[in-house]
Each structure stands twice: as C-alpha cells, then as structure tokens.
Amino acid sequence: MKIRTILAAAALAVAGAGSAMAEWAPSGPIKLWIGFGAGGETDTLGRLIAQKMGESTGWDFVVENKPGGGGIAMFTQLQAVPADGMTLGMGVTMPVLVNLTIRPDEIPFNLDSFDYLHTVALAQLAIIAPADAPFDDLAGLVEYSKEKGGALVAFDAKPQELLMNFVNGQSEAGLKPVSTKSSAEALQQVLGGHVDAAFNAGAHIPQLEAGKVKMIASANAVRHSYAPDTATVQEQGFDIYVDPYFYIAAPAGLPAEAKTALAEAIGQALMAEDTKTAIMNAFHTEPSDKGPDETKKMLEDGLVNVGMLFGK
Amino acid sequence: MAVAAFGAALILWIMPAHTETVSSGWITPQTLPRACGIALIGLGLWLAVFPGGKVEIDGKEAALCALVAAVSAAGVWGMGRFGFLFVAPVLAATLVAIIGERRWPWIVAGIAAAPVSIWLLVPVLLGRPLP
Amino acid sequence: MPELSVILAGFGDAFTLVNLMFVVLGVAAGQMVGAIPGIGPIMAMAIAIPFTFALDPLVAISFLVGINKGGLFGGAIPAILINTPGTPDAAATAIDGHPLARKGKPVKAMKMALYASVTGDTVSDLVLITLAAPLAGLALKMGPVEILALMIFAFSIISGLIGDSLVKGLIAAVLGLLLATVGLDPEHGTPRFYFGYFQLFDGASLVSVAVGMLAVAEIFRRIAGARRHGPQPAVPLTGDGAARRVSWAEYWGCRGVIARGAAIGTVLGAIPGIGSTAAAFMSYASARKGPDGGTPFGEGSLRGIAATESANSAVMGANLIPLLGIGIPGSIGAALLISAFMIHGIQPGPLLFETQARLIYGLFGAMLMANLMNLLVGQVSLRFWSFVIRAPESVIFPVALLFCFVGVYLSTGGLFGVGLMLVAAVLSYVMTALGFPVIVFIIAFFLGEGFERSLSQSLVILDANPVNVVGHPVALSLLVLAAVSAVWLGRRGGGTE
C-alpha cells in the first residue's frame, strides 16, 4: 500500500497523468503465457486478469497457452526470452518446486531465473471422505486404515502422495495412495465408494454443501474459509502441509520500474470485483495479494517445504 | 520384417536411460514400456518368420510424400523463424507447384487468399496468436 | 424432479429468438470448424468461452452446446469428401463414407451421416433429460476395476477391425500403447521418454498425433497423387435424384445399427474415460459383423456410416450425465462447459437440479433445439461443402494442410506440436505402406494412458491379486463378455473372409 502511494505521488510529479505506471510503458503488446492448455481454470483466470490489466493500464495484453509438465515447458521458454517486461508467465508452484527438488540437474532453470511479480491465488487443498465414512478426522482415518489393513486414498499430484507417506511414516497407518488424473476423478471415486478418502482442491465444495462428503482436514498451512471448523493436517499432529500458489513471473533481470509497474497492474486487476468472483468460482478462495518480494519469499520457503516433503 | 525385432531391442536399450526408478508401487514407470518391448520382440520375430498381410510400397509416391513432408517441415521451421504471414504463402506456393497447378485464379486462391484469410480470422478477429 | 412449471419455464427460456440465434450461430460455427481438419469443436469452444463472458448464462451455454453439436456432424464432412476426418471420432466414418463419395454419391453419404448423427444425438439427449440423476448414480459405481474391464471389452470389440494380419494389428496396438507411455507415468509422476523436450512431459499431444496420422498423412498422399495423375476434382460429383438423397427406406434399413450405435454411445458417454472415438469404432465393428444389406462394408455401405455417426454423436449428450447428475465432467467438452458454468457463477454439483432447475431445463431445451438446427443447418452446410470441394485438389490440399498447422499450433501452444504432427503423419504413411493398421494404433494410443492408470489403480484396489476381481461382479462379467466377443468376432471374421 505504501509503495503504491509513493509511486502515485511520483507519477503525479513526473507526468501528471495520474497513473502509477507512467515511469514505464511497454513498447508493444505484453505477452502473458499460461503454463496450461486453453479452456482450463488457469487459462480462464489468466485471460480475465490480462483483460483487467488492459482496462486499467491501457496496455495491450496477448494471452498464449504453453502447456506441458504443469508449467515446466512454459517456464523453460520464459527464462530464455529478454527480460524487458514484454513477456510474463503464469504458473503454479508445486510442479515447479517438486521438479526443482527431485531433478534439479535436468530442469534448465532455477528459482533465480525469474523475477517474481505477484501471487494470484492459493489453491485450497482438502482431504475428504464419503459422508458415511466411520471416521471424522485424520486420527480416525489412521485408525480405520490400521483396522482395514490399508485405507485407499485418491490423490492427483506428487506432493499429496508425499504427505501420505509422511503420515504413514509417523503413524504406521498404511494408507494406500491411488493415483488419479484430476480432482474430479478423485472426487468421483469417493462418491462411488471406490476409495476411502481423497485429496481435493475445490471440486468437493458443492458436494460438501450437499452433504455427500465430509472434510477430514485442510492440507494447507491454514484452515479453509468455507470450513473454519476443520483443522489442518498440521494441527492434527502431522507437521506437514502443501500450499500450491498460482503466481505470475517474468525472466530475471527485469528493470525495477517495469517490475513495479507490472506488479501493480496485476495487483489492481486481482482486486477488481469480477476477478474476485472468478477466482472464487475457480479456486474457492480469495485472490492472494503478495507483491514481488513476498512472492519470492513464498517460493523460497516453498522449496524448503517441498524438500522436507521429500525428506531431503 | 526384422525391423520390429530391431525396434524392440532398441526399446529395451533406450528405456533405462529415459525412465526414472521408483521404489514403491505395483506398477513402476518401466512396467508397461517393458511389457510393450517384450511384446514387440515376440511379435516382430513372429512376423519375420511368417510374413503376412499386404505390403504396398509405391516408390515414386513415397518419394513424393517424403518431399512434401520435407517441405512441410521446412515450413514449420520457417514459421518459427519468420512468422506465419510470410511463410504460409510460400509453403502453399511450393505445394501448389509440386502438384503442378497452372490455372492462375486457383493459384492466387491457394497461395494468397487462403493464408491471408486464416491470418485475418485467427490473430486479428479471434485474438489468438500465430507464430 | 422439479415442478412442471419450472420445467416449462426452463424450456420457455430456451425457445426465445435470441437463444435460437445463438444456437444457429453455434451449430453453424461448429459444423464449420468440425469440417476443417485440424480445428475441432473442442478448440472452438475453448476459443469461444471468453467471448461468452458478456452473454446471459443460458445463451452462453446454448451457444457452446451448439458448437459442440455442430462439430459432431462437421467432422464427418471431410472424412467423406477427402478421406481426412475433421475430428478423430469421424475416422470410422471415412471407412465407408469416402468410398461412397468416390462412387459419385458424396451428398448421399453426408446426408446419411447427418441423419444418423442427429438421431443418435437426440436419443442420448432424451436419455439424459429423463434419466440423468439415476444414470449418474449408476455410472459412479463404475470404479477403476470396472473401467479397466470395460476398456478390455472395448479393445476386444475393436479387434474385429484389425484387418488381414493379426500380428501386424497387434504390433500396431503395442506401438500405440508405447507412444501413450511418453510423458509422466500415471502412478508416480516421473517423466519417461521425453528426450529433453519438456513439451512431452504431458505425453505426446493427442491432437498432434490424431491430426497427423489421420489427416496430414492423407493430405501428403493426395498431394503426391495429384502430382502424378495431374490435378482432378477431389470427388466426382455426378448423378442426381437418388444419388443425392437418402430415402426413408434406406434410413429405416439402418435403424438397427443406428439404435445400437446410439446405445453404445450413450453408455460409453455416461462413463468417463473411453471417449467418442472408441465408441464410434466399437459401433462400426459390431455393425460390420451384422448383415451388410447390399453394399459390403468398406466399399461405401450406408450402414457403416450410420453406425459410426450415431455412436459418436450419442456420446455428446450422455457426456453431460455425470456433469449434470453429480457435477463431474465426463470429457474435455464437458469440462469446458463446466468452466463456462463457473464463469457465470454457477457451481455444478449434486444440487444443480435443485438450485438451477430452470437453467438446466433451459439447457435441455437448447440441446433439443440444437439437434433440430443441426439437421437444418446441416442441409445447407453439406451443399456448401460439396460446392467447395469442386475446387481443384491443388488448392484444397495445401489449404487443408495450412489449417492443420494452424489448428495444431493453437491447441498445443507452439510449433513443437506442429512438428510432432508431421512426425506422426510420416509414421502413419510408413505404417500404411507396410500394412499396419493405423486405426488400431490410434485407438491404443487414445486409450493407453487411461489404461495404464486404471491398471495401476486396480492393482492397488485389488491388492495385486487377480482373484479379488470376484468381488467386482460388473468387472467380472465385462471380462467374460470380452472373452466371448473376442472368440465370437474372431470366428465370424474368419468365416466371412
């Protein structure tokens, strides 16, 4: 907030245009690369943000999809383009951090290859079970699993499997991870009674409201806004969490003015009412308002946390 | 037809270099490729011993297809280098020339009108970028 | 079941002039993109979604449904006219559709495809409208073990299409499966066979491979052919009267295969994971085992066209069963509809029928309307395309290739996908020349990833002990059916050749 005020004052003094971005202007349309395919939630959200940024700044934004490896393909290309603020990339932390942790030599970039501009949202990850499951929390699930000789738990991303391994290691629960393609598929298996519990990032909320599933724990570092009474995995005695953030980055070495101007444009776009609604609908959470420094710190902390997940 | 058997051996050789070993689980990343490799060896040998089915290779046509494929590949490279709007008409022109079309209205339609209308439709009207 | 007044109000919302306009627009656009090789209805929907931000929710969704439905028929047009399916699920349409077109009856072939497509679609829509909730519940009971068994069953039916050499068919299937293993493995998420290309992390793109093998390879062949034989029209347009019409008797003669296709499509559509391409081939393969009624299959049989088109179109309506019944998308198209729902602030889920009954019945109204419009717009569009096809091959094929470039570039987000498409095209050409069935390769590739994942899930669930299948009666009976049909199809196949 403070930076914004100072900048605004500076801008008024310099140009009198009343825009905070007067110190830096793009030399043409700015590209926003999306690390996922067209039509998905990330894509929709990225396009909306680009549109809002265009409205508030008057700059042209062009959105391009660069799917592959959960964003790895996009970031690989992003680090190779000139750091002039004309190309930005939107991705999600987990696939990047996981790959940087387990195969750092094969990934052609590291955290320092980028300048971080802003977070977009935090995906809220929950552990759910069928409404009629004979347990209500993690301890209950662990007990049930021991009794049954291994409860089946559906997941759709590596860190979730690691979280289960962690729980197994600490409690000898013997949870059996079942790999699924998406939150939707994991949810379907819970509803069909094919697994005993599942990780889910949002798709479960309507089912929760309808009373078809119940929530066992929040897998994030904090509780979820829609279920304030459900404790986190950490609170339930397992010192571990998974925090997948969506964020926007640019190639490292961005001029300071460009960085500030862009970060501010993103921040403003996120705070627009219809962006909030879209984020609420797609990710069931508020937009996340971390600026460049906080975003960088979030990624660095995230890398340490993922390292812990892998026991490194 | 020993090609298939050769391919299978190759797979068994490539596999270790391009997969990662995991400790847990029933299906490792190698399980299915290995099964495929073994199946290919078996089937390839079978086919080598008992050749069956039709083989229709038309040398001249194959050569022409290879030429068309090479031109297309050059087109892909060119688009990355110079952009769609410049390369697409050249690519179309080359292909039209390969076919040997001589009626100029059709030539114009194929090499100028079509690429330009695609370009007007996609990046200009729909706002989706092309190379 | 909501009150009748709500249902009527919903249908009332659908049948407004504005909605009708957008449905017609959607259907026309869908038939157009479906007919252009390389660009399909899925990509058109993805492109259209941002443009629907400003529209009323029902209008927006009707428009998208129109695109999707138009694409169902659109894909058949180039399959029939130039043997390059516009969408992968029309690949089986080409087997009989193109020979019929070569005989000078392209309009007849396209009309048959249109009628069968609309019939299959309408049947599955009616099933959706009347039975969505209970069917969605049933579909939920299909767990990984059952899906795995269903895939094996599908393979066993499709194996009837392997052709004259069983070994070559098997090799093609194994190669397709092997290609499907490129990318992250489903159980552990470790990358395999990506050779340093991060674009391959998610596997070889379905669009690149399908467009390359099915469309681009044929375009190469035709360009080479045109060089040798000199330019000539792509398809002879002779005959009128009977050659341009599908008589009621001809349509009625196909009622059996259309009904079976609609049933196959509806069942596979309701269960996520198999897809419309496999459904189309299953329907075609089972139709081929029946009496052929005059023209043999593969030489322009109307029954072949009808079987395929009714099945692939029926998948569309049924795909919405899990979406509307329980809020889970059954296909990419359905997932795109979900994101359209969400942009308009509507959360799909089990309560959708209670909270949004009027909208849902509006959607149903729009779907039925779209079917009717598909029929009407289709009449115009097949005339349009049979006019376009009068252009010489020297123009059609280079332009079609450009469209493949553009389409694959747009859906894979880079030139890498286009390069992969060319590799797939060359592979397809070589396989065809050496007598390996490309179709079998494609189906194995399409089903491969899901197959490996289901296998991995099933092994966890069954504790890696096949005997535990006994606890899954549905899976068990599907496996038995698969064995029976393999034997039956094998024997019938051997007998007729």
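Residues numbered from 1 in each chain as written. Chains lettered and ligands numbered in written order. Predicted model: local features only at pLDDT ≥ 70, side-chain atom pairs only at ≥ 80, totals over all residues. Heavy atoms only, no water.

(A) Summary view of the domain arrangement of chain A. Residues and elements named next belong to chain A. Taken as a whole, chain A is organised into domain 1 (2-122 + 244-309) and domain 2 (126-218). Taking only C-alpha atoms, the centre of domain 1 and the centre of domain 2 are 32 Å apart. Taken together, the four residues of domain 1 in the interface contact seven residues of domain 2. Interface area for domain 1 against domain 2, summed over the two sides, is near 520 Å², with a carbon-plus-sulfur share of 82%. When the buried surface of domain 1 facing domain 2 is broken down by residue, Val98, His284 and Leu309 rank first, second and third, together holding 80% of it. (Domains from an automatic or database assignment. Contact = heavy atoms within 4.5 Å. Buried area = accessible area lost by both parts, 1.4 Å probe.)

(B) Fine view of the nonpolar core. Counting residues in each nonpolar core, the largest one holds 207 residues, and the members touching the most others are Leu324(C) and Phe364(C). The element that contributes the greatest number of residues to this core is helix α18 (residues 393-412) of chain C, accounting for 14 residues. Not counting the four nearest positions on each side in its chain, Leu324(C) is found in contact with Leu128(C), Phe341(C), Gly349(C), Leu352(C), Phe353(C), Ile360(C), Leu363(C) and Phe364(C). Among the nonpolar cores identified, the runner-up in size contains 54 residues, and Leu100(A), Phe155(A), Val167(A) and Phe193(C) belong to it. (Core = buried A, V, L, I, M, F, W, Y, C linked by side-chain atoms within 4.5 Å. Buried < 20%, exposed > 50% of the residue type's maximum accessible area, 1.4 Å probe, protein only. Helix = DSSP H or I, 4+ residues; strand = E, 2+ residues; numbered from the N terminus.)

(C) Spatial organisation of the interface of chain C and chain A. Listed per partner, the contact involves 41 residues of chain C and 48 residues of chain A. Each partner contributes to the roughly 3,400 Å² buried at the junction of chain C and chain A, and carbon and sulfur atoms together form 59% of this total. We note a salt bridge from Asp463(C) to Lys176(A), for which the minimum N-O separation is 2.7 Å. Secondary-structure elements contributing two or more residues to the side of chain C that touches chain A are α8 (144-158), α15 (332-343) and α20 (438-461) of chain C. Grouping the amino acids of the side of chain C that touches chain A by side-chain chemistry returns 23 nonpolar, 12 polar and six charged. (Salt bridge = Lys/Arg side-chain N within 4 Å of Asp/Glu carboxyl O. Nonpolar A, V, L, I, M, F, W, Y, C, P; charged D, E, K, R; others polar.)

(D) Geometry of the pattern of salt bridges. Tallied over the full model, the rule gives 16 salt bridges over all chains. Residue Arg223(A) pairs with Glu235(A) through a salt bridge whose shortest N-O separation is 2.9 Å. A residue pair is termed long-range when its members are at least 10 positions apart, and Arg223(A) in the loop between β9 (213-218) and β10 (245-251) and Glu235(A) in the loop between β9 and β10 qualify at 12 residues. Residue Glu235(A) is classed as partly exposed on the basis of its relative accessible area of 49%. For the salt bridge of Arg358(C) with Asp13(C), the shortest nitrogen-to-oxygen distance reads 2.7 Å. Taken together, the residues span a long stretch of sequence, with Arg358(C) in helix α17 (residues 357-388) and Asp13(C) in helix α1 (residues 4-14) at a distance of 345 residues. For Asp13(C), a relative accessible area of 27% corresponds to the partly exposed category. Among the charged side chains, a network of salt bridges with common partners joins Asp112(A), Lys296(A) and Glu300(A).

(E) The arrangement of the pairing of strand β1 (residues 30-34) of chain A in detail. All names here are of chain A. Counting buried positions along β1 yields four of five residues, so the element is predominantly enclosed. Where β1 and strand β2 (residues 61-65) come together, five bridges link them in parallel fashion. Along β2, the bridge assignment pairs Ile30 with Phe61. Note that β1 and strand β3 (residues 87-92) share four bridges and pair parallel. Residue Lys31 lies in a different strand from β3, and its bridge partner there is Thr87. (Pairing = 2+ DSSP bridges.)

(F) How the structure looks around the sheet that holds strand β4 (residues 114-122) of chain A. All names here are of chain A. Pairing is mixed in the open sheet, where five strands are placed in the order β2-β1-β3-β10-β4. Every other strand in the sheet has two partners, leaving β2 and β4 as the edge strands with one partner each. The mean angle between the axes of side-by-side strands here comes to 25°, regardless of whether they run parallel or antiparallel. Relative to β10, β3 runs antiparallel, the two being bridged by four bridges. If you follow Gly89 over to β10, its bridge partner there is Ala249. Running at roughly 170° to β2, helix α2 (residues 41-57) makes contact with β1, β2, β3, β4 and β10 of the sheet. Lying on the sheet, helix α4 (residues 93-102) is in contact with β3 and β10; it crosses β3 at an angle near 85°. (Axes fitted to C-alpha atoms, helices over the stretch in contact; angles between N-to-C directions.)

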